[in-house]
Structures are given as C-alpha cells and as structure tokens.
Protein chains: 2
Amino acid sequence: MAHLGLRRFPPPLMVLLFLATAAGKEEYGGGSGGLRFRREGGTFKVLQVADMHFGDGRSTPCEDVLPAQQRGCSDLNTTAFLYRVLRAEDPDLVVFTGDNIYGADSSDAAKSMDAAIAPAIAMKLPWAAVLGNHDQEGTLSRESVMRHLVGMKNSLSGLNPEGIKIDGYGNYNLEVGGVEGTLLANKSVLNLYFLDSGDYSTVWWIPGYGWIKASQQAWFRQTSSDLQKRYTTEEPTQKEPAPGLVYFHIPVPEFGSFTASSFTGVKQEGISSPSINSGFFTTMLESGDVKAAFIGHDHINDFCGKLSGIQLCYDGGFGYHAYGKAGWSWRARVVSVQLEKAESGEWRGVKSIKTWKRLDDQHLTTIDSEVLWNRGSNEPQPI
Amino acid sequence: MAHLGLRRFPPPLMVLLFLATAAGKEEYGGGSGGLRFRREGGTFKVLQVADMHFGDGRSTPCEDVLPAQQRGCSDLNTTAFLYRVLRAEDPDLVVFTGDNIYGADSSDAAKSMDAAIAPAIAMKLPWAAVLGNHDQEGTLSRESVMRHLVGMKNSLSGLNPEGIKIDGYGNYNLEVGGVEGTLLANKSVLNLYFLDSGDYSTVWWIPGYGWIKASQQAWFRQTSSDLQKRYTTEEPTQKEPAPGLVYFHIPVPEFGSFTASSFTGVKQEGISSPSINSGFFTTMLESGDVKAAFIGHDHINDFCGKLSGIQLCYDGGFGYHAYGKAGWSWRARVVSVQLEKAESGEWRGVKSIKTWKRLDDQHLTTIDSEVLWNRGSNEPQPI
C-alpha cells in the first residue's frame, strides 16, 4: 500500500536491494504503490478530478447546466465524462481532490463513493483521493470516508502516517520511481503529497473553512526533507531534489494573490480560503522541492498562477451535481511530467512538468496548455 | 528543570499525588521550575528584558545615547538598569527575549552571557531565556549558546522537548502553579511558552529573518492542547483553559497590522518580520489559550496591539549597546497576572493580566499601564 511511511526498508536492506538490482535482478517494485515512469516517452501523467459532488447516481440531477442540457442530466453525466477523459488521456494516476461525493445528497456515502470512483477502477487505473469539505456530510464520518477510500480497489490513498499524531484524515505521500531498468529505477524521481485541508473550522473564533494544521505541515516538511536527503545522498546520488506536486482541496490564501494578467485560465469567483493563513504556502516554499499545488473547491476557477516559483493551480469543477456556470464546460486537469534523456538514450530524472485541461464538450477540447516547470529555469524563485 | 515535557508524572501517579495533596501532604512542587503564584496578593509577575546586546562589559560602548550620556557609558549601564528595575519590581520570573548578547562584539560568548544575566542570578530570581538573531554571532554556536543558558544558575530555560525532532534551540514551556495550599495548588493556572524564532533564513529563496517552523508550531499546538485538557478534565476540573503567554524574539507579520490609533505605546520603526508568514499567529489563535505574545527585535517599537483577542506586545530595547533612539529611554515590560478570589477568600485561577513598562530614567517611570486581558471579557474574539 501507499501509506507505509517514508521508506519501505531500513537503509542496509535498501543498499542490498540496490546492489541486487544493479546486478541485474529487479526486486524493487517502483515507487510506493508501484508507481513509475513509462519507458515509452519517459512520462508520468496525472489526471486530476475535482469536486465530482456525486450523489445517488441517476436520480441526482445536474446543477447549472443550460436549459437544453437539463433533461435527463444526472450524476451519470459525471461518470460518462470520467470514462471519456480517462480513455482520451490514459493517465498513470487519477487524483480525486475532494468533494468526491456530496454527502448531503447521498443516501449511502460508501455507495456514492464507489459509484463516483468506479470508472477509474473499471479501467484498472491506480488512483488516490483526498477529502474535501462535503465528503463527510452523508452517512459516513470523515474518518470513515477516508478509510473507505483507502480500502477500495486500486486505491493508493493513504491514512495518516503511523507513529505520529497529526490532524485530519488522509495525509500521505506517493513516490514515483524512474523508468524500470535505468539508473534511477530505484529512486523516487517525482514525489506526490496529499493533504487533508479539512472541512470547516472547529473553533468558533475562526469562522469559515478548515485549514492545513501545524501538525500536518510538520509531517509534510519532514517527509519532503527525508525524500530530498535520500535522493541527493543515496547512490546514485542526484544533484537536485526530485520535484514534488501537492494535492489538496481548499485553497491556501495565496491563491488570491494573482491578477488576471498573471495567470493562465480564469477566475470567475472569489478564493474560498479559510479566514486565516496557517502558513502552508510558506512550508511548501521552505521545502524547496514543491513545484506546483493542485486544488479544487472553487468550481469555476481553473487558473494556474506562479508565486515565488510555485504554481498554484485550480482544477475547475468536474461534477455535474455541483454548482458551476451554465454553458461553461466541466473540466479536468492533466499534469504530464517528462523525464530527461541521458546522452546514452536512457531516461533520467524529471526535466519538465506540463499541464492542460480537458473540457467535457463534443471533442474533449484541450485548453490552456502550459509548462509549469522546467529543470534549471525557475527553481525556486526568491520571494 | 523546566524542560521535562508536558507532564511530570503519568496520570495514575498524578491522581495519587493529587489525593495525597488533598489529604494535606504537599508533595507537588508547584509549576515546572517551582513557579507558582504568591499567596500575598495572588499575583505572578514577569519582567521581560529584550535585546540587551551585551558585549564585553565596560569596554563595550553605548549606542544611540545623547552626547551628554556618551562618556563612560557601556554595557555596565545595561547591568545597572537591570539591577534597578529588578529591585523596583521584584518579579517572580525574568524573561530574556533574545539578542541577550551581541555576539559580534563579544570576545567570549559564555562570559558575555554570564555578565548579561548576572543581576538576575545575584538577586536569586528564577529566569528564562530565548535566542534572538545575534546571540550566536560570537564564539558559541546557536545550540551551544542555548545549552549555556540552560546550564546557568537559577535558569528555567529549556532545550527542545525530548522524544520529538523540532527546529531551533530552546523551545519549551513553563507552568505556573496556583497558590500553595489552595484548590489549584497542583494545577498550572498560567502557562508560559518560549520559542526560538530563529536568526536568518537558511534558504536563499526566502531572504531575511528566520521564522517559527511547522515542527515548532506542531509542538506548541500539542502542548497547549494537552495543558488545556489537563486543566479542564483533571480534578479539580476547570471550566475554561488557563491563559497562556508566549515569548519569542522576531515579530510575526501580524505585528504590522496595527495603526497608531489601535495600539498602546509607540511604533517608531518598521516591523522586521521574516519575509513570509509561517502561520504562527494562526496557530496561537487556533490554540485558544494564548492571551498575549511578547517579543523584542525592533528596539524602538514598544507597543501592544490586540488582534483577534491576542495582544501582540513589543518590549522596547533594554540594552545600551544596541541601536535605539537617543533621548528615548531604554525600557522593560512588566506583566502582572492576578488571580481571582473565591467567596471563601481563597485564591483561584487567573482573573486578569496587566502590563506596564519601566523606563531607565531617574525615577524608573512607569508608563503605558493597561489591562491585556480579563477573564470572560474578550476571549477569544472572532476574526
């Protein structure tokens, strides 16, 4: 499973394993959850699905579609879109960034979640999820929803790390190994972090949405630090840390620091952050390996803006049973990470990170393609 | 010593101890470090000393005094002021909030520190210290300076808590017990937190001063939470958490949120915060028990302003070998915490927290007296 913590083996075993592999035996299963880059093209592609707001399926109607689309429109349109975009993109990982179900309109939270995620499972894709602020509003508590997500087929979702006590449910990380048979096959060349950004504040003097707490940030910082240390000090040592991508649900306040001319995509509503700044942007910045953070929550914002070298990206709403903007297509974000090729022709570490969005229109139109990060070009930037 | 962690005894022993005490045997030594409120008056008084910038003593000249004061003026003027104010106030605890020595002008950091703190020790007062950004610039590293502070006579300073790994040197807490022989004699009715706010950023992409890291905040949050739980759930249970006061050196950015009409004291220079917000104000706010935070660092700011129910207070510079403003007296902040009296006449928990400043002028003038907090009046305030 994906949530075993930072390393699967104590160092001496790790070394033995590396030597065994170097001698031609492939015993290492790739990154946590078996994730690794493809030899074909040297890529790893993540499809982000935000705010499905799944309810009871066929009987749960669409919101904010054009009058002509309303008839017969339901959660099943969300399902159909998911199948279409998965077929079109063939991702290596699907990430559901919260409000996967809309608990209040679900008569059985587990069933709703099963139905919401079903296309990824049916297509045998590995997937991971974090909680939003609506997932627990049905028949299951926040902890139970997360446990359910972890136990589902092909799920790489994790509970919290063991041995420490941190806030929230479902704070974990996944490692993505280099291409099989190459020098970096046994290293995590791309790190994915998943955090529970909470639902609502539990202290009355800070009204509003939840936030990523100090305990989660301390875990994140330590995890990032450990991963960087392994990458740069264990053989084969690498000069620079592997890039990291962070997934959670509720925007940190820094998503509000852009003007229309400073981002790609659209901002059609306010940034619904918590009413305080808990410092997670600073913690990501301090870590140094984070190149982009991907969230949901505000359905009709879909921009990416760069702040101090970190791309802050909305997904845009995916689910038909969620508020949106009639006539503005539901959408998903793709992140495609590209490895560098050595002179020998062998794949090495990450060279660039690109993104684009797919719209649920007739042609699954691709929009807003852009490079989020290039090795050596803009990392990190002084604030 | 003061840094034994959150509780000195496992719960069953704690209960036994309480029962023993209730039966008339005094086995509990008061708060950590033996701190407790005085029966006489039901008060606990803290004198804060900020930015002594101590160097080599007599040979280290004063900065920013009037021309008429310059001759013969040295570190010894700082020492003289400390003796005077300690005699005048007779505090229960002295807190040195960093830049206790000015490392770069000290030929022996340990000697400088010994000389700087000497008046508190000579007067047999318990004291505690945190690091500023200049303490380590002499012959001792940051860690060594903190170890030295911990080992000094009457020091209640602590190293980091054991069993967890957190950033910085000297993150600890002290408990102040209720009046001996009363119902709350075995409880910490006032909690003091001390944090290392760092010196300078160690990541080039975040230039400027250091900040309180996620790991420190997680420890702080957990400590506060544990203390609140003990206070409200262990016999004799209390309805509301005991108030907390926080001491560190470098201002969090929220110190910059006041206008002249919204604080008591003066702001004569900018707020020299780190260039990012690491969320510690949020963590203090979230905790719910923190009533005030006291810092130094900016010598010619000495105001207290209230934000969301938390008083953010500068001390104002104390040390003559530090930048200041000629003619503007060096000063120290007093915090006097007052217990409530039960109908029986017995002292209970904290009722109010007052503050004032003492100037190093002919009469040790008291200025800017104000109530920082009253039980029941303004705690916490919605943001």
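Above this text you will find the structure in question.
As a starting point, this report considers the structure included with it. None of these values were measured; they are calculated from a predicted model.

## A closer look at the interface of chain A and chain B
Contact residues are listed per partner, giving 29 residues for chain A and 29 residues for chain B. For the pair chain A and chain B, the summed buried surface comes to about 2,300 Å²; carbon and sulfur atoms form 66% of the total. The interface formed by chain A and chain B contains two salt bridges. Across the pair K213 of chain A and E286 of chain B runs a salt bridge whose closest N-O atoms are separated by 3.9 Å.

## Regarding the environment of V337 of chain A
All names here are of chain A. Within the fold, V337 resides in strand β11 (residues 331–341). Judged by its relative accessible area of 0%, V337 falls in the buried class. Each C-alpha atom of the pair V337 and R348 lies 12 Å from the other, and the pair is eleven residues apart in sequence. The contact partners of V337, leaving out residues within four places of it in the chain, are F37, G42, T43, F44, L190, L245, V350, S352 and I353.

## Re the sheet that holds strand β8 (residues 290–295) of chain A
All names here are of chain A. Here seven strands make up an open sheet; going across it, the order is β4-β5-β6-β8-β10-β9-β7 and the pairing mixed. The outermost strands of the open sheet, each flanked by one partner alone, are β4 (172–177) and β7 (263–264). Here β4 runs beside strand β5 (residues 188–194); their pairing, made up of six bridges, is antiparallel. Of the residues in β5, the one forming a bridge with E175 is N191. Of the strands in this sheet, β6 (244–247), β8, β9 (304–307) and β10 (310–314) are in contact with helix α7 (residues 280–287), which crosses β10 at around 135°.

## Considering the sheet that holds strand β3 (residues 127–130) of chain A
All names here are of chain A. Reading across from one edge, β3-β2-β1-β11-β12-β13 is the order of the six strands in this open sheet, with mixed pairing throughout. Each of the sheet's edge strands pairs with one partner strand only, and the pair in question is β3 and β13 (366–374). Going across the sheet, the axis of each strand differs from the next one's by a mean of 20°, ignoring polarity. When strand β2 (residues 93–97) meets β3, the two strands line up parallel, connected through four bridges. Paired with F96 across the bridge in β3 is A129.

## What about empty space enclosed by the protein?
Residues and elements named next belong to chain B. The final tally for this structure, using the stated rule, is nine cavities of 30 Å³ or more. One number sums up the size of the largest cavity: a volume of about 80 Å³. Lining the largest cavity we find 13 residues, and of these W211, I212, P251, V252 and P274 sit closest to its centre. Across the lining of the largest cavity, the residue classes tally to eight nonpolar, five polar and no charged.

## Focus: the nonpolar core
Among the nonpolar cores identified, the biggest contains 70 residues, and F37, F96, I117, W127, L149, F194 and L245 of chain B are the most heavily contacted of them. In terms of residue count, helix α4 (residues 109–122) of chain B provides more of this core than any other element does, six residues in total. Beyond its immediate sequence surroundings of up to four residues, L149 of chain B is in contact with N100, M113, I117, W127, A129, L131, S155 and S157 of chain B. Of all hydrophobic cores here, the second largest spans 69 residues; its members include F37, M52, F81 and F318 of chain A.

## Considering the packing of helix α4 (residues 109–122) of chain A against helix α5 (residues 142–151) of chain A
Residues and elements named next belong to chain A. The interhelical angle for the contact between α4 and α5, taken along N-to-C directions, is 40°, at an axis separation of 11 Å. Between α4 and α5, the crossing angle belongs to the class labelled oblique. For α4 against α5, the interelement crossing comes out right-handed. Contacts from A110, M113, D114 and I117 in α4 reach V145, H148 and L149 in α5.

## Quick notes on the pairing of β6 of chain A
Residues and elements named next belong to chain A. Burial of β6 is two-sided: the residues G244 and V246 facing one way and the residues L245 and Y247 facing the other way are all buried. Traced from β5 through helix α6 (residues 214–233) to β6, the parallel crossover comes out right-handed. Sheet topology places β6 next to β8; four bridges connect them, and they run parallel. In the strand pairing of β8, L245 is matched with A292.

## Things to note about the state of the cysteines
Counted by the stated rule, this structure contains four disulfides over all chains. Covalently, C62 of chain A is tied to C73 of chain A through a disulfide, its sulfur atoms 1.9 Å apart. An S-S torsion of about -85° defines the bridge between C62 of chain A and C73 of chain A as left-handed. With C62 of chain A in the loop between β1 (43–49) and α2 (67–70) and C73 of chain A in the loop between α2 and α3 (75–89), this residue pair connects regions lying eleven residues apart in the sequence. Across the disulfide from C304 of chain B sits C313 of chain B; the S-S distance is 2.1 Å.

## Points about the packing of aromatic side chains
Under the defined criterion, the tally for this structure stands at 32 aromatic pairs over all chains. A centroid spacing of 5.1 Å and a plane angle of 65° characterise the contact between F255 of chain A and Y314 of chain A, whose relative ring orientation is edge-to-face. Highlighted residues: F255 of chain A in the loop between β6 and β7 and Y314 of chain A in strand β10, separated in sequence by 59 residues. Given a relative accessible area of 1%, F255 of chain A falls into the buried group. Classification of Y314 of chain A by relative accessible area gives buried; the value is 0%. Aromatic pair Y172 of chain B and F194 of chain B: ring centres 4.7 Å apart, planes at 10°, arrangement stacked.

## What about the pairing of strand β8 (residues 290–295) of chain B?
Residues and elements named next belong to chain B. Most of β8 is tucked away, with six of its six residues classed as buried. Examined bridge by bridge, β8 and strand β10 (residues 310–314) share four bridges and lie parallel to one another. Bridging across to β10, A293 finds its partner in L312.

## Describing the side chain of S201 of chain B
Residues and elements named next belong to chain B. Structurally, S201 can be placed in the loop between β5 (188–194) and α6 (214–233). A polar atom in the side chain of S201 sits 3.0 Å from the backbone oxygen of V203. Among the polar contacts listed, one links the side chain of S201 to the backbone oxygen of I206, at a separation of 2.6 Å. Apart from residues no more than four positions distant in its own chain, S201 is found in contact with I206, P207, G208, Y209, G210 and W211.

## Quick look at the relation of the copies chain A and chain B
Structural alignment of chain A on chain B gives an RMSD of 0.0 Å, achieved by rotating through 180° and translating 0.0 Å along the axis. The transformation relating the two chain copies, once decomposed into turn and shift, fits a two-fold axis. Across chain A, the rotation axis passes nearest the C-alpha of G279 of chain A, at a separation of 2.0 Å. Mapped onto chain B, 100% of the interface residues of chain A are again interface residues, and the two copies thus contact each other with one and the same surface.

Procedures and definitions
Residues numbered from 1 in each chain as written. Chains lettered and ligands numbered in written order. Predicted model: local features only at pLDDT ≥ 70, side-chain atom pairs only at ≥ 80, totals over all residues. Heavy atoms only, no water. Contact = heavy atoms within 4.5 Å. Buried area = accessible area lost by both parts, 1.4 Å probe. Salt bridge = Lys/Arg side-chain N within 4 Å of Asp/Glu carboxyl O. Helix = DSSP H or I, 4+ residues; strand = E, 2+ residues; numbered from the N terminus. Buried < 20%, exposed > 50% of the residue type's maximum accessible area, 1.4 Å probe, protein only. Pairing = 2+ DSSP bridges. Axes fitted to C-alpha atoms, helices over the stretch in contact; angles between N-to-C directions. 1 Å grid on protein atoms, 1.4 Å probe; cavity = no way out; pocket = protein on both sides within 12 Å on 5 of 7 lines; lining within 4 Å. Points joined across faces, edges and corners; volume = space filled by probe spheres on them. Nonpolar A, V, L, I, M, F, W, Y, C, P; charged D, E, K, R; others polar. Core = buried A, V, L, I, M, F, W, Y, C linked by side-chain atoms within 4.5 Å. Parallel < 35°, antiparallel > 145°, perpendicular 65-115°, else oblique. Left-handed = near helix turned anticlockwise from the far one by under 90°. Right-handed = clockwise from strand over helix to strand, strands pointing away. Disulfide = S-S within 2.5 Å. Phe/Tyr/Trp six-rings, centres within 6.5 Å; stacked < 30°, edge-to-face > 60°. Polar contact = N/O pair within 3.5 Å; in protein donor to acceptor, adjacent residues only side chain to side chain. Least-squares fit on C-alpha atoms with pLDDT ≥ 70 in both.

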